[in-house]
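# Structural overview for review
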Amino acid sequence: MKQYVVDIADLGSERLHVGGVFPAGSLDLGQPGAEQAGDVSWSAFIERQRTRVRLVGELHGTLGLACVRCLEPTQLAVSRQFDLFFEQHDELMYEEDEEIELDEPDMQTAFLAGTELNLADVITEQLILSLPMKPLCRNDCKGLCAECGHNLNVAPCDCTVPVVHPAFDVLVELKNRMERG
Ligand SMILES: [Zn+2]
Ligand SMILES: [Zn+2]
């Protein structure tokens, strides 16, 4: 993935357009049960803004996930736009008596250890941020039976309705009476 590394020290005042396609499975999401199931296409531009660089773009792709209810593999189309700032972490750039500017919130700025920005890592991170908290194979997924583990989307099982058996109630009552003497 070396071809996706941009050295931000090389950036001039011109916008640099970047983009491409990551073939299915080429990005490791590092998340259990989640994978890059289809190609991810992306495009963006990078521009220098004083000490920072700004990366603005979008991605489109397909993720593979396990449904939280029935655990079956399911695919999810994702589209995401991003607008990110990067800055080289360099303490020498800050004078101690310099006023810290508060008009620009710094929440979005990621600090780089050097001058290299790996766009494959950025796209991977954006895909991870696209992952839903509770992926479902379909909105009305019936899930698994808590008793027998049967997939209720396929067919109902015999234990789907919790039944308190009347005969059992009678036995409990009988037992209670005997214990009371
Ligand atoms: Zn499901
Ligand atoms: Zn069951």
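Residues numbered from 1 in each chain as written. Chains lettered and ligands numbered in written order. Predicted model: local features only at pLDDT ≥ 70, side-chain atom pairs only at ≥ 80, totals over all residues. Heavy atoms only, no water.

### Focus: the coordination of the zinc ion (ligand 1)
Only C67 (SG), C70 (SG), C137 (SG) and C141 (SG) from the protein reach the zinc ion (ligand 1) as donors, at distances of 2.2 to 2.3 Å. Viewed at the metal, the four donor atoms of the zinc ion (ligand 1) are separated by angles of 104 to 115 degrees, and the geometry they form is tetrahedral. Considered as a linear motif, the donors of the zinc ion (ligand 1) on their single chain read C-x2-C-x66-C-x3-C. With C67 in the loop between β5 (52-66) and β6 (73-88) and C137 in the loop between α1 (119-130) and α2 (166-180), the pair connects residues that are 70 residues apart, well separated along the chain. On the basis of relative accessible area, C67 is assigned to the buried category, the value being 1%. By relative accessible area, C137 is classed as partly exposed at 29%. (Donors = N, O, S within 2.8 Å, 3.2 Å for Na, K, Ca; no water. Tetrahedral: all angles 85-135°; square planar, octahedral: opposite > 155°, others 65-115°. Helix = DSSP H or I, 4+ residues; strand = E, 2+ residues; numbered from the N terminus. Buried < 20%, exposed > 50% of the residue type's maximum accessible area, 1.4 Å probe, protein only.)

### What about the environment of P32?
By the element assignment, P32 lies in the loop between β2 (16-22) and β3 (35-36). A relative accessible area of 80% means that P32 is categorised as exposed. As a C-alpha pair, P32 and A66 span 34 residues in sequence and 9.3 Å in three-dimensional space.

### A closer look at the coordination of the zinc ion (ligand 2)
Listed as protein donors to the zinc ion (ligand 2) are C145 (SG), C148 (SG), C157 (SG) and C159 (SG); their distances from the metal cover 2.1 to 2.3 Å. Classification of the site at the zinc ion (ligand 2) as tetrahedral follows from its four donor atoms and the range of 103 to 117 degrees in their angles at the metal. Donor residues binding the zinc ion (ligand 2) come from one chain and are separated in sequence as C-x2-C-x8-C-x1-C. Classification of C148 by relative accessible area gives partly exposed; the value is 47%.

### A word on the confidence of the model for the protein
One rule of thumb: low pLDDT means the predicted coordinates there are not for detailed reading. Chain-level pLDDT for the protein is 85 on average; 81% of the residues reach the 70-or-more range. Ranking the elements of the protein by mean pLDDT puts α2 last with 70 and β3 first with 96. (pLDDT = per-residue confidence, 0-100.)

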